[in-house]
Amino acid sequence: MAAENPLPRGSSARASGETSAKSMRGSGMEDVIFSGSSFHKPSGMAEVSLTFSNPKGDTLQKFADYTEIAVTRRLYRSGESIYMINKIPVRLKDVRELFMDTGIGGTGYSIVEQGRVEEIVSAKPIDRRILIDDAAGIVKFRFKRENAEKRLDETTQNLLRVNDVLGALSEQEDGLREHVKRAEKYLDLQEQSGLLERQHLCLSWHQAGLNEQKVQELVQVHQQQQQDLQSEKSVDETDLERLKLEQTQLGTQVGERREQLFKTEQNIQEAENQRELEKQNLQNVSEQRQGQEKELEELKQSLTEREKERADTNNRSMELAERLGEMQAKLVIIEEKRAEENETLQKSAEETSVLQKRLLTVHTGLTNQTNQKNFLDERLENLTERQQRLQDQQLSHKNLLQEVTLQVSDREEQMVTMRLQKEKFSGKLAELESSIEDQHLKLIGEEKKLEDLRYQQSTAESRIESLQQIQTHYEGFSDSVKIFMQLMQDNPVTKKQLGVSGLLADFITVPADTLDIVSPVMAEVLDWVVIERAEMLPQIEIFCTEHELGQLGFVALDRPASVPKSAGTKGIPLPEFLKFKEPLQEWGEKFFSRFALLKDENYFWNEADKKWPDSPEEWLSSSGICLSNSSASMGKVQSGSLGFLQRQQQIIDVETYVDDLQKKINEFESELLTLRERHEFLKEEQETREEESRKLEFALLSGNKELEHQQLEERRMQQTVSQLSKDSEGIFEEMDSSRLKENTAAETIISLEKERAELEDKTNQLQERIQLQQSRNDAIAEELLAHRVSLTETTEQQKNTEEKESRLNKEYEETSLRLEQLKTALNEGELRLEQSRNRIAEIDGSFEEMLENRTSMKQELEEDIQLHEQKNEEQTLLSQKLQERQGHLENSVSVSHQESIRLTEFRLQREQLEDQLRKITEHTPEAILSEMDVEASDHKKMGRELRSLNESLNAMGAVNLAAPEEYVALTERIEDSNQ
Amino acid sequence: MKIVINDEDLQKAVDDLKETIKDINNESRRRFREMFDRVNENFMNVFSSLFEGGEAKLVLTESEDLLNAGVDIVAQPPGKKLQNINLLSGGEKALTAISLIFAIFLVKPSPFCLLDEVDAPLDDVNVVRFNNLITGLSYDSQFIIITHNKKTMEIGDLLYGVTMEEPGISKTVSVEFKEAESLIA
């Protein structure tokens with residue numbers, strides 16, 4: 001798999017499942033979504049895709065067929081995030097799984113950001129390990145292991161759950177089996193009951209049908225009787241109506257007479273009442289008068305008694321006041337006496353309290369001391385135990401300390417040995433370093449020499465090259481000269497026709513070591529072309545024009561000075577041969593003027609004669625250059641000094657020199673190689689030594705650390721031992737002090753017990769005294785109480801007397817007032833009595849007249865009543881007859897109604913029975929009865945049997961009828977669970 | 001009886017799972033050991049190459065189980081004493097971390113590697129060494145480098161520049177070096 005599209009860091013991290021907004025430089029993931037600008041609307045989502053080519057299909061199995069895998073993440077502003085692989089929505093887990101062990105991802109090594117470098121360096125070792133894990137492909141294993149562990153947990157949980165479930169199912173199975181048995185029995189009984197119920201119902205239905213038929217017949221008989229009775233009743237009712245009418249007329253007459261009689265009697269009664277009222281009134285007034293007179297007498301008597309009583313009360317009040325004064329004086333005396341007694345008692349109580357406090361203090365002190373003594377005993381025991389333990393610890397620590405000390409001394413010896421070894425190594429290393437340094441310096445010197453030689457060689461080689469270049473291509477000359485001479489070399493026939501000999505430079509020989517100095521002086525003429533005859537110049541001009549050559553200088557060997565000035569062609573300035581001599585001469589003059597200077601500098605060495613030339617002519621002669629104008633002398637030059645050959649020779653010399661240099665270089669190089677090998681050997685040895693030294697240093701360092709650790713351990717042990725000793729001493733001191741304290745506490749306890757006994761004696765004495773005082777005090781208190789009670793009683797008596805006195809006064813005043821009122825009422829009663837007597841006399845006069853009227857009215861009424869009673873008797877007889885008929889009719893209707901009800905009941909019973917039967921069976925009652933022997937069946941017996949069966953069913957209680965199905969389902973479930 | 005058998009089956013499943021975990025742990029240990037040794041060897045070489053000398057190695061911290069062992073770095077740049085890695089300079093730390101990353105890369109190349117301004121703390125000489133190392137590794141993996149360093153930019157085949165012509169809207173421009181060279185020639 002190889003990535004194709006380069007993406008910024010955030011994008012690739014986002015696509016590979018980065019969930020941290022901080023790593024995207026945002027406060028929230030929505031910050032990576034474009035928020036818009038002045039000219040662009042904000043975007044609702046951000047999407048990034050990472051496309052990988054997958055030519056080998058070396059990825060997860062499900063993506064192996066794809067040649068390209070595009071991982072996409074889309075993030076919406078709502079916070080919703082979608083991951084897609086090849087446009088198919090997937091989970092984050094799938095993306096992570098895809099990148100697992102590829103190095104891409106949050107913890108991978110493929111994405112290294114700015115802070116990651118620092119993080120890798122400064123991370124904890126365990127965190128840094130993740131990089132190696134990722135590369136080693138362990139992440140997948142870790143993932144698998146976590147899954148396996150999760151599954152293991154789940155399986156263990158399942159195992160427990162299955163055990164629980166199976167246990168529960170097993171229990172359920174046992175329970176259900178019992179239920180199944182009960183259900184089967186129940187169903188069996190239910191079936192029997194059903195059959196019996198059906199037969200019983202059918203018989204009931206049959207019986208109800210027979211009853212219905214009988215009642216139907218009875219109803220018809222009663223209906224006939226009712227019709228007969230109804231007709232007789234109608235005749236009697238007509239007679240009764242007539243009698244009723246007659247009686248009503250009589251009744252009205254009697255009523256009128258009675259009304260008149262009643263009015264008369266009412267008047268008599270009113271008169272009697274009036275008379276009685278007046279009599280009553282008279283009697284009342286008389287009685288009232290008598291009562292008032294009696295009351296008057298009584299009041300007078302009461303008034304006398306009250307006056308007497310008032311005098312007695314005054315006397316009594318005075319006696320009580322005197323007695324009260326005496327008692328109050330006596331009470332003051334008793335209270336004073338009691339106060340004295342109380343004071344004494346208070347003192348005794350205070351004394352007792354002080355003694356009790358002291359006793360309490362002593363008791364507390366005694367308890368404290370006893371507790372302290374017990375505590376000290378326990379402490380002493382603890383300290384003894386602790387001392388024993390400390391001694392044991394001290395012993396074991398001392399043993400350990402000895403071991404550690406031995407280890408430390410061993411380690412120190414090892415360290416000393418190692419240090420010596422290190423020093424030895426350091427010495428060797430220093431020697432090696434100085435040897436390497438010498439070798440290095442020597443090597444540098446040799447390398448410098450070699451470098452010089454190489455430089456010389458390269459200079460010589462470049463000289464050879466330059467000479468060869470000059471030799472072959474006229475390098476260093478102007479382009480016109482170079483082209484011209486190249487053309488001459490390429491066309492020897494033309495060269496011969498034109499009579500070109502060569503360049504002036506080819507005819508001059510200059511020693512190699514003076515070339516650099518001489519050549520600048522000679523440069524002006526070195527590129528002049530030497531030709532044999534001056535007459536060839538026009539042809540040369542044509543040739544130069546044809547080949548578009550630039551300016552050229554020519555020297556003619558036959559006619560150097562007389563070349564016509566007009567000899568030139570258009571476009572190319574011909575050399576001015578008239579000037580030919582002059583420049584040469586000028587050059588010669590310059591040469592001569594400089595010769596003296598050059599001679600002093602020993603430049604002109606004559607190699608042939610092995611001496612310095614005396615004059616310029618001599619030097620020129622020896623070098624083959626002639627400055628005379630004669631052609632003969634030029635011909636001498638031509639024949640005598642060929643620069644080409646000399647350059648050839650020069651090249652050979654330089655090559656020989658180069659070879660010598662090469663040999664020297666080779667020698668130096670072999671020497672240098674040896675030196676380098678030696679240097680390398682020494683370096684390797686140094687590295688080995690350094691490595692060993694480092695190892696030693698490491699060992700020394702770790703040894704030092706270990707030694708420090710052991711020394712620290714030793715010191716710690718020593719400190720522990722000394723601490724233990726100190727602790728032990730402290731415990732001893734503590735034990736001594738505890739013993740001392742214990743003795744002191746024992747002494748204190750004895751003295752405190754003595755003090756407690758004394759105090760208890762004193763307290764007992766005081767308490768006895770207090771008891772005596774208290775008994776005295778009690779007697780006084782009782783006396784005081786009796787006096788107070790008596791005083792209170794007397795005070796109350798006095799108060800009562802005063803109240804009675806005031807009450808008597810009040811009653812006396814009321815009685816006097818009442819006496820006056822009674823006298824007035826007596827006078828009024830006398831007047832009313834007279835009026836009542838007058839009215840009674842008037843009523844007696846009209847009363848006798850009303851009595852006569854009443855007697856006559858009574859006689860008439862009695863006659864009417866007798867007639868009315870005769871009619872009544874007739875009506876009664878007729879009514880009785882009618883009632884009898886009505887009774888018969890009602891009886892008949894009632895019987896008929898009852899029979900109708902019975903008929904309806906039987907019908908309803910039959911319908912109910914039919915309904916019941918329909919509910920429990922599809923067969924009709926007739927069909928069931930046809931199968932039964934109805935005559936032989938005993939309905940009651942059948943009912944008893946059915947009741948007995950129903951009782952048996954009820955006695956079974958609640959039965960789970962679904963138990964068989966549940967049992968089957970449970971059995972299947974257990975089998976499934978087992979599978 | 002069936003219940004007991006079922007229980008045994010489940011117990012067997014538990015045992016199998018434990019065995020699987022044990023196998024996974026063993027395989028993880030083996031792979032880790034192997035990878036650690038190879039990465040360590042590469043780390044030593046890459047470190048020496050980047051620092052032109054010196055020594056460095058990875059050390060496992062002590063642990064009862066190899067799966068819980070940490071990885072420590074011991075580094076000794078040339079001419080310096082063996083010292084705590086936190087005492088190294090910023091550039092040295094960066095080079096050490098890069099050495100570790102590339103050591104892992106040499107053992108297991110990833111499809112691509114994204115380096116975000118990791119050359120920022122490096123001086124010119126170290127940048128050249130870093131670039132040489134990346135050039136060497138780029139035959140096996142694709143490198144995406146975010147950098148401000150012109151020398152690092154020179155080693156890329158494609159150069160993407162990110163500018164912001166309009167405020168709030170970033171724009172990318174790209175140059176393919178070979179194409180550009182052919183156009184200039």
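Given the structure is predicted, the values throughout are model-derived calculations rather than measurements.

## Some details on the overall build of chain A
Then, number 1: When you go through chain A residue by residue, the secondary structure sums to 16 helices and nine strands.
Then, number 2: For chain A, the residues scored as buried account for 34% of the 979 residues in total.
Then, number 3: Here the analysis covers contacts within chain A between residues at least 6 apart in sequence; of these, 79% occur between residues at least 24 apart.

## Topic: the overall build of chain B
Then, number 1: Helix and strand counts for chain B stand at five helices and six strands.
Then, number 2: The buried share among the 185 residues of chain B stands at 38%.
Then, number 3: Sequence separation of 24 or more characterises 50% of the internal contacts of chain B that already satisfy a separation of 6 or more.
Then, number 4: Here chain B has roughly 10400 Å² of accessible surface; of this, 52% comes from carbon and sulfur atoms.

## Here's the deal with the pairing of strand S4 (residues 142–146) of chain B
Residue and element names in this part refer to chain B.
Then, number 1: Of the strand pairs in this sheet, strand S3 (residues 112–116) and S4 are connected by five bridges, and their pairing is parallel. Directly across from Phe112, in S4, lies its bridge partner Gln142.
Then, number 2: Regarding the hand of the β-α-β motif, the stretch spanning S3, helix H3 (residues 124–137) and S4 is right-handed.

## Some thoughts on the pairing of strand S5 (residues 158–166) of chain B
On a regular strand, each side chain points to the face opposite its neighbour's, so the side chains alternate between the two faces of the sheet.
Residue and element names in this part refer to chain B.
Then, number 1: One ladder, built from seven bridges, connects S5 with strand S6 (residues 169–176); its direction is antiparallel. Bridge assignment links Leu159 to a residue of S6, and that residue is Val175.
Then, number 2: Count of turn residues in the S5/S6 antiparallel hairpin: two residues, of which Gly168 carries a positive phi of about 90 degrees.

## Some remarks on helix H3 (residues 114–122) of chain A
Then, number 1: Among all positions of H3 of chain A, only Arg116, Val117, Ile120 and Val121 of chain A are buried. Projected down its long axis, H3 of chain A carries its buried residues within an arc of 135 degrees, all on one side.
Then, number 2: Buried residues in H3 of chain A make contact with strand S6 (111–112) and helix H4 (125–136) of chain A together with helix H2 (90–107) of chain B.

## Considerations on unusual backbone geometry
Residues and elements named next belong to chain B.
Then, number 1: A positive phi angle is found at Glu52, which is not glycine, with a value near 55 degrees.
Then, number 2: Mapped onto the fold, Glu52 is located in the loop between helix H1 (2–51) and strand S1 (55–60).
Then, number 3: According to the relative accessible area criterion, Glu52 is exposed, its value standing at 58%.
Then, number 4: Positive phi outside glycine occurs at Glu117, with the angle close to 55 degrees.

## A few points about the nonpolar core
Then, number 1: Judged by nonpolar contacts, the single largest core of 49 residues is most densely connected at Val39, Leu58, Leu100, Phe102 and Leu115 of chain B.
Then, number 2: Residue contributions to this core peak at 11 residues, all from H2 of chain B.
Then, number 3: The residue makeup of this core includes at least three contributed by each of domain 1 (1–108) and domain 2 (110–185) of chain B.
Then, number 4: Tyr186, Leu189, Trp205 and Leu953 of chain A belong to the second-largest nonpolar core, a separate cluster that totals 19 residues.

## Side note on the interface of chain A and chain B
Then, number 1: Each partner contributes residues to the interface: chain A has 64 residues there, and chain B has 60 residues.
Then, number 2: Buried area between chain A and chain B, both sides added, is near 5300 Å², and the carbon and sulfur share of it is 68%.
Then, number 3: Summed over the shared surface of chain A and chain B, the number is one salt bridge.
Then, number 4: Note that Asp72 of chain B and Arg128 of chain A form a salt bridge whose closest N and O atoms lie 3.5 Å from each other.
Then, number 5: For the interface between chain A and chain B, the tally reads 10 residue pairs in polar contact (both at pLDDT 80 or more).
Then, number 6: Element by element, the count of residues in the side of chain A that touches chain B is highest for helix H5 (residues 138–473) of chain A, at 15 residues.
Then, number 7: Residue composition of the side of chain A that touches chain B, by class: 31 nonpolar, 16 polar and 17 charged.

## What to know about the packing of helix H6 (residues 479–490) of chain A against helix H9 (residues 537–546) of chain A
Residue and element names in this part refer to chain A.
Then, number 1: Put simply, H6 and H9 touch, their axes get as near as 12 Å, and they point 105 degrees apart. Judged on the interaxial angle alone, H9 and H6 are roughly perpendicular. Across from Phe484, Leu487 and Met488 in H6, the residues of H9 making contact are Ile540, Phe543 and Cys544.
Then, number 2: Grouping the amino acids of the contact of H6 with H9 by side-chain chemistry returns six nonpolar, no polar and no charged.

## Side note on the environment of Glu179 of chain B
Then, number 1: With respect to the helices, strands and loops of the structure, Glu179 of chain B is situated in helix H5 (residues 177–184).
Then, number 2: Counting along the chain gives 21 residues from Glu179 of chain B to Leu158 of chain B, while the straight-line C-alpha distance between them is 9.9 Å.

The rules behind these values
- Residues numbered from 1 in each chain as written.
- Chains lettered and ligands numbered in written order.
- Predicted model: local features only at pLDDT ≥ 70, side-chain atom pairs only at ≥ 80, totals over all residues.
- Heavy atoms only, no water.
- Helix = DSSP H or I, 4+ residues; strand = E, 2+ residues; numbered from the N terminus.
- Buried < 20%, exposed > 50% of the residue type's maximum accessible area, 1.4 Å probe, protein only.
- Contact = heavy atoms within 4.5 Å.
- Areas by Shrake-Rupley, 256 points an atom, 1.4 Å probe, with all protein chains shown as cover.
- Pairing = 2+ DSSP bridges.
- Right-handed = clockwise from strand over helix to strand, strands pointing away.
- Arc of directions from axis to C-beta.
- Core = buried A, V, L, I, M, F, W, Y, C linked by side-chain atoms within 4.5 Å.
- Domains from an automatic or database assignment.
- Buried area = accessible area lost by both parts, 1.4 Å probe.
- Salt bridge = Lys/Arg side-chain N within 4 Å of Asp/Glu carboxyl O.
- Polar contact = N/O pair within 3.5 Å; in protein donor to acceptor, adjacent residues only side chain to side chain.
- Nonpolar A, V, L, I, M, F, W, Y, C, P; charged D, E, K, R; others polar.
- Axes fitted to C-alpha atoms, helices over the stretch in contact; angles between N-to-C directions.
- Parallel < 35°, antiparallel > 145°, perpendicular 65-115°, else oblique.

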